[in-house]
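Geometric and topological summary
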Amino acid sequence: MKLKQRVVLLAILLVIFIFTKVFLIDNLDTSAANREDQRAFHRMMAGLRVELVPKLDHTLQSPWEIAAQWVVPREVYPEETPELGAIMHAMATKKIIKADVGYKGTQLKALLILEGGQKVVFKPKRYNRDYVVEGEPYAGYDRHNAEVAAFHLDRILGFRRAPLVVGRFVNLRTEIKPVATEQLLSTFLTVGNNTCFYGKCYYCRETEPACADGDTMEGSVTLWLPDVWPLQKHRHPWGRTYREGKLARWEYDESYCDAVKKTSPYDSGPRLLDIIDTAVFDYLIGNADRHHYESFQDDEGASMLILLDNAKSIRVSTWNRLNYLKNGVLKSALQSATAHDPISPVLSEPHLDAAEQRLLSVLATVKQCTDQFGPDAVLVEDRMPLSHL
(Lines give C-alpha, C1' and ligand atoms only; values in the text may rest on other atoms or scores of the structure.)
Protein backbone atom coordinates (compact mmCIF):
# COMPACT_ATOMS: atom_id res chain seq x y z
CA MET A 1 0.00 0.00 0.00
CA LYS A 2 1.35 3.39 -1.01
CA LEU A 3 2.06 6.05 1.61
CA LYS A 4 -0.70 8.33 0.32
CA GLN A 5 -3.23 5.50 0.57
CA ARG A 6 -2.07 4.68 4.09
CA VAL A 7 -2.49 8.31 5.18
CA VAL A 8 -6.02 8.43 3.73
CA LEU A 9 -6.93 5.13 5.40
CA LEU A 10 -5.54 6.28 8.76
CA ALA A 11 -7.44 9.55 8.46
CA ILE A 12 -10.69 7.68 7.77
CA LEU A 13 -10.07 5.33 10.71
CA LEU A 14 -9.31 8.31 12.95
CA VAL A 15 -12.56 10.03 11.97
CA ILE A 16 -14.53 6.82 12.58
CA PHE A 17 -12.82 6.40 15.97
CA ILE A 18 -13.61 9.97 17.03
CA PHE A 19 -17.26 9.77 15.95
CA THR A 20 -17.66 6.38 17.62
CA LYS A 21 -16.17 7.69 20.85
CA VAL A 22 -18.36 10.79 20.84
CA PHE A 23 -21.44 8.68 20.10
CA LEU A 24 -20.65 6.24 22.90
CA ILE A 25 -19.95 9.02 25.41
CA ASP A 26 -23.20 10.78 24.51
CA ASN A 27 -25.16 7.56 24.86
CA LEU A 28 -23.42 6.66 28.11
CA ASP A 29 -24.26 10.10 29.50
CA THR A 30 -27.87 9.77 28.34
CA SER A 31 -28.17 6.28 29.77
CA ALA A 32 -26.69 7.43 33.08
CA ALA A 33 -29.14 10.34 33.20
CA ASN A 34 -32.05 8.05 32.39
CA ARG A 35 -30.97 5.58 35.06
CA GLU A 36 -30.83 8.41 37.60
CA ASP A 37 -34.34 9.47 36.54
CA GLN A 38 -35.52 5.89 37.09
CA ARG A 39 -33.89 5.73 40.52
CA ALA A 40 -35.46 9.06 41.48
CA PHE A 41 -38.85 7.81 40.30
CA HIS A 42 -38.59 4.61 42.36
CA ARG A 43 -37.52 6.61 45.43
CA MET A 44 -40.54 8.85 44.98
CA MET A 45 -42.93 5.91 44.62
CA ALA A 46 -41.46 4.17 47.68
CA GLY A 47 -41.98 7.26 49.86
CA LEU A 48 -45.24 8.44 48.35
CA ARG A 49 -47.66 7.34 51.06
CA VAL A 50 -47.61 9.86 53.91
CA GLU A 51 -49.09 8.87 57.26
CA LEU A 52 -49.99 11.83 59.47
CA VAL A 53 -48.11 11.21 62.71
CA PRO A 54 -48.25 13.49 65.78
CA LYS A 55 -44.60 13.57 66.89
CA LEU A 56 -41.11 14.42 65.74
CA ASP A 57 -39.11 12.02 67.90
CA HIS A 58 -35.63 12.72 66.53
CA THR A 59 -35.54 16.52 66.93
CA LEU A 60 -36.44 19.32 69.32
CA GLN A 61 -37.41 21.59 66.43
CA SER A 62 -41.03 22.46 65.79
CA PRO A 63 -42.73 21.29 62.57
CA TRP A 64 -42.79 24.90 61.41
CA GLU A 65 -39.04 25.33 61.85
CA ILE A 66 -38.30 22.19 59.85
CA ALA A 67 -40.61 23.21 56.99
CA ALA A 68 -39.05 26.69 56.89
CA GLN A 69 -35.53 25.22 56.67
CA TRP A 70 -36.54 23.10 53.71
CA VAL A 71 -37.13 26.10 51.43
CA VAL A 72 -34.27 26.94 49.04
CA PRO A 73 -34.25 28.79 45.69
CA ARG A 74 -35.06 25.69 43.61
CA GLU A 75 -37.40 23.72 45.88
CA VAL A 76 -39.98 24.17 48.64
CA TYR A 77 -39.24 20.79 50.19
CA PRO A 78 -36.44 18.24 49.61
CA GLU A 79 -36.64 14.85 47.94
CA GLU A 80 -36.28 13.03 51.25
CA THR A 81 -38.89 14.24 53.76
CA PRO A 82 -39.22 11.86 56.74
CA GLU A 83 -40.80 14.70 58.76
CA LEU A 84 -43.54 15.41 56.19
CA GLY A 85 -46.20 13.37 58.00
CA ALA A 86 -45.61 15.20 61.29
CA ILE A 87 -45.72 18.62 59.61
CA MET A 88 -48.96 17.80 57.80
CA HIS A 89 -50.44 16.39 61.03
CA ALA A 90 -49.64 19.71 62.73
CA MET A 91 -51.28 21.62 59.85
CA ALA A 92 -54.42 19.50 60.19
CA THR A 93 -54.72 19.56 63.99
CA LYS A 94 -52.88 22.47 65.66
CA LYS A 95 -55.06 24.94 67.53
CA ILE A 96 -56.17 28.00 65.55
CA ILE A 97 -55.19 31.12 67.50
CA LYS A 98 -56.29 33.76 64.97
CA ALA A 99 -58.49 33.89 61.86
CA ASP A 100 -58.68 36.72 59.34
CA VAL A 101 -59.86 37.36 55.79
CA GLY A 102 -57.60 35.91 53.13
CA TYR A 103 -54.88 37.78 51.36
CA LYS A 104 -55.89 39.61 48.19
CA GLY A 105 -57.19 37.48 45.32
CA THR A 106 -60.27 36.48 43.40
CA GLN A 107 -61.41 33.46 45.44
CA LEU A 108 -62.69 32.97 48.97
CA LYS A 109 -60.10 31.98 51.54
CA ALA A 110 -59.23 32.68 55.16
CA LEU A 111 -55.85 33.35 56.73
CA LEU A 112 -55.36 31.28 59.88
CA ILE A 113 -52.56 31.41 62.42
CA LEU A 114 -51.91 28.12 64.13
CA GLU A 115 -50.36 27.46 67.52
CA GLY A 116 -46.67 28.23 67.25
CA GLY A 117 -47.28 31.25 65.00
CA GLN A 118 -47.52 29.43 61.65
CA LYS A 119 -49.69 31.02 58.97
CA VAL A 120 -51.83 28.81 56.73
CA VAL A 121 -54.38 29.60 54.03
CA PHE A 122 -57.75 27.88 54.47
CA LYS A 123 -59.89 27.21 51.39
CA PRO A 124 -63.42 25.99 52.15
CA LYS A 125 -65.28 23.18 50.46
CA ARG A 126 -67.56 24.46 47.71
CA TYR A 127 -68.50 21.34 45.79
CA ASN A 128 -69.10 17.66 46.43
CA ARG A 129 -66.40 15.38 44.99
CA ASP A 130 -68.41 14.28 41.96
CA TYR A 131 -69.77 17.73 41.02
CA VAL A 132 -68.91 18.76 37.46
CA VAL A 133 -68.39 22.47 36.76
CA GLU A 134 -69.84 23.36 33.36
CA GLY A 135 -68.65 26.15 31.07
CA GLU A 136 -65.18 27.58 30.54
CA PRO A 137 -62.13 25.77 32.02
CA TYR A 138 -61.69 28.65 34.48
CA ALA A 139 -65.36 28.77 35.52
CA GLY A 140 -66.60 28.08 39.04
CA TYR A 141 -65.08 28.29 42.49
CA ASP A 142 -61.71 26.92 43.53
CA ARG A 143 -61.88 23.31 44.74
CA HIS A 144 -60.26 22.74 48.11
CA ASN A 145 -59.57 19.09 47.31
CA ALA A 146 -57.81 20.16 44.11
CA GLU A 147 -55.28 22.03 46.26
CA VAL A 148 -54.52 18.80 48.14
CA ALA A 149 -54.29 16.75 44.95
CA ALA A 150 -52.10 19.35 43.24
CA PHE A 151 -49.56 19.28 46.08
CA HIS A 152 -49.23 15.51 45.79
CA LEU A 153 -49.04 15.73 41.99
CA ASP A 154 -46.13 18.12 42.50
CA ARG A 155 -44.45 15.40 44.60
CA ILE A 156 -45.22 12.74 41.99
CA LEU A 157 -43.78 14.81 39.15
CA GLY A 158 -40.67 15.52 41.19
CA PHE A 159 -41.00 19.30 40.86
CA ARG A 160 -41.10 20.08 44.61
CA ARG A 161 -42.30 23.64 43.95
CA ALA A 162 -45.75 23.63 45.58
CA PRO A 163 -46.24 24.64 49.23
CA LEU A 164 -47.45 21.88 51.55
CA VAL A 165 -51.23 21.29 51.56
CA VAL A 166 -53.43 19.02 53.68
CA GLY A 167 -57.15 18.63 54.23
CA ARG A 168 -58.69 19.82 57.50
CA PHE A 169 -62.08 19.95 59.20
CA VAL A 170 -62.74 23.09 61.27
CA ASN A 171 -65.64 23.98 63.53
CA LEU A 172 -66.62 27.51 62.51
CA ARG A 173 -68.51 28.17 65.73
CA THR A 174 -65.92 26.95 68.27
CA GLU A 175 -62.59 27.23 66.39
CA ILE A 176 -62.96 30.20 64.05
CA LYS A 177 -65.50 32.72 65.35
CA PRO A 178 -63.94 33.12 68.86
CA VAL A 179 -60.56 34.10 67.32
CA ALA A 180 -61.80 35.84 64.16
CA THR A 181 -61.05 39.47 63.37
CA GLU A 182 -63.97 41.86 63.07
CA GLN A 183 -63.43 42.00 59.32
CA LEU A 184 -63.87 38.23 58.96
CA LEU A 185 -66.57 37.97 61.61
CA SER A 186 -68.71 40.51 59.79
CA THR A 187 -69.01 38.10 56.85
CA PHE A 188 -70.54 35.24 58.88
CA LEU A 189 -74.20 34.32 58.48
CA THR A 190 -76.53 31.40 59.00
CA VAL A 191 -78.25 29.61 56.13
CA GLY A 192 -80.80 27.12 57.45
CA ASN A 193 -78.96 25.23 60.18
CA ASN A 194 -75.55 25.81 58.64
CA THR A 195 -72.89 28.35 59.61
CA CYS A 196 -71.50 30.18 56.56
CA PHE A 197 -69.07 32.97 55.64
CA TYR A 198 -68.24 34.85 52.46
CA GLY A 199 -65.00 36.62 53.36
CA LYS A 200 -63.31 39.39 51.39
CA CYS A 201 -62.09 38.90 47.84
CA TYR A 202 -62.72 40.12 44.30
CA TYR A 203 -65.53 37.64 43.64
CA CYS A 204 -66.75 37.25 47.25
CA ARG A 205 -70.47 37.96 47.63
CA GLU A 206 -72.85 37.77 50.57
CA THR A 207 -75.21 35.93 48.24
CA GLU A 208 -72.59 33.22 47.55
CA PRO A 209 -71.21 32.16 50.95
CA ALA A 210 -69.37 28.92 51.72
CA CYS A 211 -71.40 26.89 54.18
CA ALA A 212 -70.44 24.27 56.73
CA ASP A 213 -72.33 21.09 57.43
CA GLY A 214 -73.90 22.49 60.55
CA ASP A 215 -70.83 24.07 62.16
CA THR A 216 -68.17 21.74 60.71
CA MET A 217 -66.53 22.85 57.49
CA GLU A 218 -64.24 20.77 55.30
CA GLY A 219 -61.38 22.56 53.59
CA SER A 220 -57.70 22.61 52.73
CA VAL A 221 -54.85 24.37 54.51
CA THR A 222 -51.77 25.54 52.61
CA LEU A 223 -48.57 26.25 54.51
CA TRP A 224 -47.46 29.87 54.23
CA LEU A 225 -43.92 30.23 52.90
CA PRO A 226 -41.38 31.74 55.34
CA ASP A 227 -41.29 35.53 55.46
CA VAL A 228 -37.55 35.46 54.69
CA TRP A 229 -38.53 34.36 51.17
CA PRO A 230 -40.66 37.27 49.86
CA LEU A 231 -42.45 36.63 46.59
CA GLN A 232 -42.44 38.56 43.35
CA LYS A 233 -45.38 38.38 40.93
CA HIS A 234 -44.86 38.09 37.17
CA ARG A 235 -47.30 38.28 34.30
CA HIS A 236 -47.48 34.87 32.64
CA PRO A 237 -46.22 35.16 29.02
CA TRP A 238 -49.03 32.86 27.86
CA GLY A 239 -51.82 34.34 29.96
CA ARG A 240 -55.18 35.34 28.53
CA THR A 241 -56.43 38.94 28.15
CA TYR A 242 -59.69 38.70 30.18
CA ARG A 243 -61.29 40.96 27.57
CA GLU A 244 -64.16 39.62 25.51
CA GLY A 245 -63.17 39.23 21.86
CA LYS A 246 -59.56 40.29 22.42
CA LEU A 247 -56.89 37.67 21.77
CA ALA A 248 -53.58 37.50 23.58
CA ARG A 249 -50.53 37.94 21.35
CA TRP A 250 -49.55 34.26 21.64
CA GLU A 251 -52.92 33.30 20.14
CA TYR A 252 -52.25 34.96 16.78
CA ASP A 253 -48.53 35.86 16.47
CA GLU A 254 -46.41 32.94 15.20
CA SER A 255 -43.21 34.82 16.14
CA TYR A 256 -44.28 35.36 19.77
CA CYS A 257 -42.37 32.36 21.15
CA ASP A 258 -39.13 33.58 19.59
CA ALA A 259 -39.74 37.02 21.10
CA VAL A 260 -40.28 35.53 24.58
CA LYS A 261 -37.04 33.54 24.33
CA LYS A 262 -35.14 36.80 23.78
CA THR A 263 -36.73 38.53 26.78
CA SER A 264 -35.47 38.45 30.37
CA PRO A 265 -35.83 36.26 32.44
CA TYR A 266 -36.62 33.72 29.72
CA ASP A 267 -33.46 34.28 27.68
CA SER A 268 -31.21 32.48 30.20
CA GLY A 269 -31.43 30.26 33.25
CA PRO A 270 -34.19 27.75 34.06
CA ARG A 271 -37.27 30.01 34.02
CA LEU A 272 -38.53 29.11 30.55
CA LEU A 273 -38.26 25.38 31.29
CA ASP A 274 -40.12 26.04 34.55
CA ILE A 275 -42.91 27.62 32.49
CA ILE A 276 -43.13 24.46 30.37
CA ASP A 277 -43.17 22.23 33.46
CA THR A 278 -45.95 24.38 34.88
CA ALA A 279 -47.96 24.16 31.66
CA VAL A 280 -47.86 20.36 31.95
CA PHE A 281 -48.78 20.55 35.66
CA ASP A 282 -51.68 22.95 35.00
CA TYR A 283 -53.03 20.82 32.16
CA LEU A 284 -52.99 17.70 34.32
CA ILE A 285 -54.95 19.42 37.11
CA GLY A 286 -57.26 21.30 34.74
CA ASN A 287 -56.02 24.78 35.67
CA ALA A 288 -56.60 27.18 32.77
CA ASP A 289 -56.29 30.36 34.81
CA ARG A 290 -52.61 30.89 35.68
CA HIS A 291 -52.50 34.49 34.46
CA HIS A 292 -49.62 35.33 36.82
CA TYR A 293 -46.96 33.35 38.58
CA GLU A 294 -44.66 33.92 41.55
CA SER A 295 -40.95 33.51 42.14
CA PHE A 296 -38.72 34.61 44.99
CA GLN A 297 -37.78 38.29 44.90
CA ASP A 298 -34.54 39.57 43.32
CA ASP A 299 -33.73 36.17 41.88
CA GLU A 300 -32.75 37.38 38.38
CA GLY A 301 -34.63 34.44 36.92
CA ALA A 302 -32.68 31.85 38.92
CA SER A 303 -35.28 30.68 41.43
CA MET A 304 -38.11 28.32 40.62
CA LEU A 305 -41.56 29.25 39.44
CA ILE A 306 -43.59 28.58 42.58
CA LEU A 307 -46.80 26.59 42.10
CA LEU A 308 -49.23 28.69 44.10
CA ASP A 309 -53.08 28.71 43.93
CA ASN A 310 -52.92 25.58 41.83
CA ALA A 311 -44.36 25.56 23.77
CA LYS A 312 -41.21 24.96 22.91
CA SER A 313 -39.00 22.59 24.83
CA ILE A 314 -39.48 20.24 27.75
CA ARG A 315 -36.96 18.94 30.27
CA VAL A 316 -35.68 15.43 29.62
CA SER A 317 -36.26 14.63 33.30
CA THR A 318 -39.89 15.80 33.04
CA TRP A 319 -40.40 13.80 29.84
CA ASN A 320 -38.99 10.68 31.50
CA ARG A 321 -41.13 11.14 34.60
CA LEU A 322 -44.29 11.56 32.51
CA ASN A 323 -43.53 8.35 30.63
CA TYR A 324 -43.02 6.44 33.88
CA LEU A 325 -46.49 7.58 34.98
CA LYS A 326 -48.49 6.19 32.04
CA ASN A 327 -50.46 2.92 31.99
CA GLY A 328 -52.35 3.72 35.18
CA VAL A 329 -49.33 4.57 37.33
CA LEU A 330 -50.39 8.24 37.75
CA LYS A 331 -53.84 7.23 39.00
CA SER A 332 -52.38 4.70 41.43
CA ALA A 333 -49.78 7.21 42.65
CA LEU A 334 -52.40 9.90 43.34
CA GLN A 335 -54.57 7.43 45.24
CA SER A 336 -51.62 6.26 47.31
CA ALA A 337 -50.32 9.77 48.05
CA THR A 338 -53.70 11.07 49.26
CA ALA A 339 -54.91 7.91 51.05
CA HIS A 340 -54.13 9.19 54.56
CA ASP A 341 -55.32 12.77 54.09
CA PRO A 342 -58.01 13.82 56.60
CA ILE A 343 -60.49 14.51 53.77
CA SER A 344 -59.75 11.30 51.85
CA PRO A 345 -60.91 10.28 49.30
CA VAL A 346 -59.50 13.47 47.83
CA LEU A 347 -60.37 12.70 44.20
CA SER A 348 -63.29 10.88 42.63
CA GLU A 349 -62.84 8.21 39.95
CA PRO A 350 -63.81 10.63 37.13
CA HIS A 351 -61.13 13.08 38.34
CA LEU A 352 -58.48 10.35 38.38
CA ASP A 353 -59.53 9.12 34.93
CA ALA A 354 -59.40 12.68 33.60
CA ALA A 355 -55.82 13.09 34.85
CA GLU A 356 -54.89 9.84 33.08
CA GLN A 357 -56.41 11.07 29.80
CA ARG A 358 -54.65 14.42 30.08
CA LEU A 359 -51.33 12.66 30.65
CA LEU A 360 -51.81 10.70 27.42
CA SER A 361 -52.57 13.98 25.60
CA VAL A 362 -49.35 15.54 26.90
CA LEU A 363 -47.28 12.52 25.87
CA ALA A 364 -48.88 12.46 22.41
CA THR A 365 -48.26 16.18 21.89
CA VAL A 366 -44.59 16.00 22.86
CA LYS A 367 -44.17 12.85 20.72
CA GLN A 368 -45.64 14.72 17.76
CA CYS A 369 -43.09 17.50 18.29
CA THR A 370 -40.13 15.10 18.55
CA ASP A 371 -41.28 13.31 15.39
CA GLN A 372 -41.54 16.60 13.51
CA PHE A 373 -38.50 18.47 14.80
CA GLY A 374 -36.33 15.74 16.31
CA PRO A 375 -35.68 15.04 20.01
CA ASP A 376 -32.64 17.34 20.15
CA ALA A 377 -34.83 20.33 19.28
CA VAL A 378 -37.59 19.45 21.74
CA LEU A 379 -36.01 17.77 24.77
CA VAL A 380 -33.55 19.77 26.87
CA GLU A 381 -31.04 18.11 29.18
CA ASP A 382 -31.42 19.96 32.48
CA ARG A 383 -28.99 18.20 34.81
CA MET A 384 -26.08 20.55 34.19
CA PRO A 385 -24.95 22.48 37.29
CA LEU A 386 -26.59 25.88 37.61
CA SER A 387 -24.56 28.83 38.89
CA HIS A 388 -27.23 29.99 41.34
CA LEU A 389 -27.24 26.77 43.35
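Check the entry above for the structure.
Here's what I pulled together on the structure shown here. In this text, all values refer to a predicted model and were calculated from it rather than measured experimentally.

Okay, the state of the cysteines next. Applying the stated rule across the entire model yields 2 disulfides. Paired through a disulfide, Cys-196 and Cys-211 show a sulfur-sulfur distance of 2.1 Å. Residues Cys-196 and Cys-211 are joined by a disulfide whose S-S torsion is about 105°; by sign, that bridge is right-handed. Separated by 15 residues along the polypeptide, Cys-196 in strand S6 (residues 194–197) and Cys-211 in strand S7 (residues 210–211) bring together distant segments of the chain. For Cys-211, a relative accessible area of 32% translates into the label partly exposed. Each sulfur in the disulfide pair Cys-201 and Cys-204 lies 2.0 Å from the other. Taking the sign of the S-S torsion, about 105° here, the bridge from Cys-201 to Cys-204 comes out right-handed. Both residues of the pair, Cys-201 and Cys-204, belong to the buried class. Counting its disulfide-bonded cysteines in sequence order, the chain shows a connectivity of 1-4, 2-3.

Let's shift gears to the packing of helix H2 (residues 63–70) against helix H3 (residues 84–93). Axis separation between H2 and H3 bottoms out at 9 Å; the angle between their running directions is 120°. The orientation of H2 relative to H3 falls into the category oblique. Where H2 crosses over H3, the two elements pack in a sense that is left-handed. On the side of H2, the interface is formed by Pro-63, Trp-64, Ile-66, Ala-67 and Trp-70, while H3 contributes Leu-84, Ile-87, Ala-90 and Met-91.

Another aspect to go through is the packing of aromatic side chains. One pass over the structure, following the stated rule, counts 8 aromatic pairs. Aromatic pair Phe-41 and Tyr-324: ring centres 5.2 Å apart, planes at 45°, arrangement tilted. Between Trp-238 and Tyr-256, the aromatic rings sit 5.9 Å apart at their centres with planes inclined by 85°, giving edge-to-face as the arrangement. Residue Trp-238 is found in the loop between strand S9 (231–235) and helix H7 (256–261), and its partner Tyr-256 is found in helix H7; the two are separated by 18 residues along the sequence. For Trp-238, a relative accessible area of 18% puts it in the buried group. Three or more aromatic residues link up through ring pairs in this structure, and these residues are Tyr-127, Tyr-131 and Tyr-141. If you follow Arg-126 out to its NZ or CZ, it ends over the ring of Tyr-141, 3.9 Å from the centre.

A few words on the sheet that holds strand S8 (residues 216–223). Strand order across the open sheet formed by 5 strands is S1-S2-S3-S8-S4, with antiparallel pairing between neighbours. What marks the edges here is a single partner per strand, and that holds for strand S1 (96–101) and strand S4 (165–171). Shown here is a sheet whose adjacent strand axes are inclined to one another by a mean of 35°, direction ignored. Against the sheet, H3 touches strand S2 (110–114), S4 and S8, its axis set at about 25° to S4.

Our focus in this paragraph is unusual backbone geometry. The linkage connecting Ser-264 with the following residue, Pro-265, adopts the cis geometry, with an omega of 5°. Note on placement: Pro-265 falls in the loop between H7 and helix H8 (271–285). One non-glycine residue, Arg-160, adopts positive backbone phi at about 60°. Even without glycine at this site, Asn-327 takes up a positive phi of about 60°.

About the cut-offs
Residues numbered from 1 in each chain as written. Predicted model: local features only at pLDDT ≥ 70, side-chain atom pairs only at ≥ 80, totals over all residues. Heavy atoms only, no water. Disulfide = S-S within 2.5 Å. Helix = DSSP H or I, 4+ residues; strand = E, 2+ residues; numbered from the N terminus. Buried < 20%, exposed > 50% of the residue type's maximum accessible area, 1.4 Å probe, protein only. Axes fitted to C-alpha atoms, helices over the stretch in contact; angles between N-to-C directions. Parallel < 35°, antiparallel > 145°, perpendicular 65-115°, else oblique. Left-handed = near helix turned anticlockwise from the far one by under 90°. Contact = heavy atoms within 4.5 Å. Phe/Tyr/Trp six-rings, centres within 6.5 Å; stacked < 30°, edge-to-face > 60°. Lys NZ or Arg CZ within 6 Å of the ring centre and 35° of its normal. Pairing = 2+ DSSP bridges.

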